[in-house]
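Structural characterization, general
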Amino acid sequence: ITGFSGRRACLFTRPDGQAVDAWQLAWLFKHYPLDRFRLTQQGPDDFVLELAASGIACDTEDLRVRLTAALGNLGWVSPRLHLEVTPELATAGDKPEPFRCA
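First, a word on what this report is: a plain description of the structure on this page. (Residues numbered from 1 in each chain as written. Predicted model: local features only at pLDDT ≥ 70, side-chain atom pairs only at ≥ 80, totals over all residues. Heavy atoms only, no water.)

1. Considerations on the environment of Arg38
Quick note on the threshold: The numbering of helices and of strands both runs from the N terminus, where a helix is a DSSP run of H or I of at least 4 residues and a strand a run of E of at least 2. Remark: exposure states derive from per-residue accessible area (1.4 Å probe, protein chains only) relative to the maximum for the residue type, with buried under 20%, exposed over 50%, and partly exposed in between.
Take Arg38: it is sitting in strand 3 (residues 37-41). Judged by relative accessible area, which is 5%, Arg38 ranks as buried. Along the chain, Arg38 and Arg100 lie 62 residues apart, while their C-alpha atoms are 7.1 Å from each other.

In structure tokens form, the structure reads like this:
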């Protein structure tokens, strides 16, 4: 087998320094019909959720509330989540990059 690659690991870091595998949040996104999304940690408590405009067919406020709660369950006391709708999301090769650490 050549050219095989899997998902890139992405570790978010809680304010207390503990690393958390971002893929623990993947279950939440399965409940929403999204074409492409990307969740990026930009600071200890700051996250940006980018959604591709072409693929939004859900209640984004419900998604924001549930994602903020899920981050709280993983140890963030006061996570701040900013939602951005973008015309297109870049990919890593041909694969979407749903979780990213900035």
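2. Considerations on the environment of Phe99
Positionally, Phe99 belongs in strand 6 (residues 99-101). By relative accessible area, which is 4% here, Phe99 ends up buried. When the C-alpha atoms of Phe99 and Thr40 are compared, they prove to be 5.9 Å apart, with 59 residues separating the residues in sequence.

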